[in-house]
Amino acid sequence: MVTDSTAYLPTDVVARYGIEVVPCYVVLAGRSGREGEDVTPEDVARALSSRGQKVSTSRPTPGDFVAAYRRLLAGGADRVVSIHLSADLSGTWDAARLAAAQVGEHLVTVVDSRSTAMGTGFAVLAAARAAAGGATAAEVAADANGTAARTRTLFVVDTLEHLRRGGRIGAAASLLGTALAVKPVLHVVDGRVVPLERVRTSARALSRLVQRATEAAGGPGAAIAVHHLAAPQRAERLATELRQAIPGIREFHVSELGAVVGAHVGPGAVGVVVAPADEPPPGDDEDPETPEA
């Protein structure tokens, strides 16, 4: 099982399932480093908070993936399933695909999660558990795709500027003119970041995240992840409210975003990822943008 560093899986889970994590790269203060190894979330938050500091990101190289695939195959793996963040947000999936063609597409299956952070991570976990249970590569990939399709990723940022600079906001660009007057609640739909609704305060934005996450969970058995960048108190408040609002949560993770996603959402960002136990109600994933009354 292979993923990239933007899945932000807990380290104990990575070790338990033997997941190979290929790091993305961050360019900071003129130097390039590997996410989670050479560049930390604190490094990125500090740089983004300093005037004149620029942060950029880049995908792993196809060679990075080739090395990972060959390492796993040489270690006894019959097949490799490689699951990555949305191809609309990064070239990582394409690099993995090029590497799979070089190693052998009969040996490596590459999956586009159409999401990021634990939106990808929950798909990786579903695949890893299926593989541990003896599933075939096709079944493992199907479990990853199914989980990714059901998972909802919602988040709030302090400013849209970082997303704008990185070209990751898509339709959310329509909010730029009023970014100072409202707090946009964003979500990931079919691999792209789009606006969900607009609210007037940070407190209201967190409240809406809880409400939307509760709706997405649909009942007991959901897995939940809370992410943040340089906003631990806000994330803890969100986590507390989610635990109270959603019954029967099967697993819960709270973690700081890594350097790559953090570079695009900026300090103060907080979000929630929901992987429901069952299919959400029809149409739940296609909510139109709605301004607060």
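Above this note sits the structure.
Residues numbered from 1 in each chain as written. Predicted model: local features only at pLDDT ≥ 70, side-chain atom pairs only at ≥ 80, totals over all residues. Heavy atoms only, no water.

Asker: An account of the packing of helix α3 (residues 62–74) against helix α4 (residues 92–103) is needed here, citing residue identities and associated values.
Answerer: At a minimum axis separation of 8 Å, α3 and α4 run at an interaxial angle of 50°. In terms of their interaxial angle, α3 and α4 are classed as oblique. The two elements α3 and α4 meet at a crossing, and its hand is right-handed. Each of Pro62, Phe65, Val66, Tyr69, Arg70 and Leu73 in α3 lies in contact with α4, whose residues at this interface are Thr92, Ala95, Ala96, Leu98, Ala99, Ala100, Gln102 and Val103. A breakdown of the residues in the contact of α3 with α4 according to their chemical character gives 11 nonpolar, two polar and one charged. (Axes fitted to C-alpha atoms, helices over the stretch in contact; angles between N-to-C directions. Helix = DSSP H or I, 4+ residues; strand = E, 2+ residues; numbered from the N terminus. Parallel < 35°, antiparallel > 145°, perpendicular 65-115°, else oblique. Left-handed = near helix turned anticlockwise from the far one by under 90°. Contact = heavy atoms within 4.5 Å. Nonpolar A, V, L, I, M, F, W, Y, C, P; charged D, E, K, R; others polar.)

Asker: Any chance you could break down the packing of aromatic side chains for me, citing the residues and the numbers?
Answerer: Here the structure, examined in full by the defined rule, presents one aromatic pair. On the numbers, 6.0 Å between centres and 25° between planes, the contact of phenylalanine 65 with tyrosine 69 is stacked. Of this pair, phenylalanine 65 and tyrosine 69 are both found in helix α3, four residues apart, which corresponds to roughly one turn of the helix. The pair phenylalanine 65 / tyrosine 69 is uniform in exposure class, with both members buried. (Phe/Tyr/Trp six-rings, centres within 6.5 Å; stacked < 30°, edge-to-face > 60°. Buried < 20%, exposed > 50% of the residue type's maximum accessible area, 1.4 Å probe, protein only.)

Asker: Tell me about the sheet that holds strand β4 (residues 31–34), residues and numbers included.
Answerer: In space, the three strands of this open sheet follow the order β4-β3-β5, with antiparallel pairing throughout. Taken across any chain shown, the strands that pair with only one partner, and hence form the sheet edges, are β4 and β5 (55–58). Strand-to-strand twist across the sheet, computed as the mean angle between neighbouring axes with direction ignored, equals 25°. Relative to β5, strand β3 (residues 25–28) runs antiparallel, the two being bridged by four bridges. Note that in β5 the partner of leucine 28 across the bridge is valine 55. (Pairing = 2+ DSSP bridges.)

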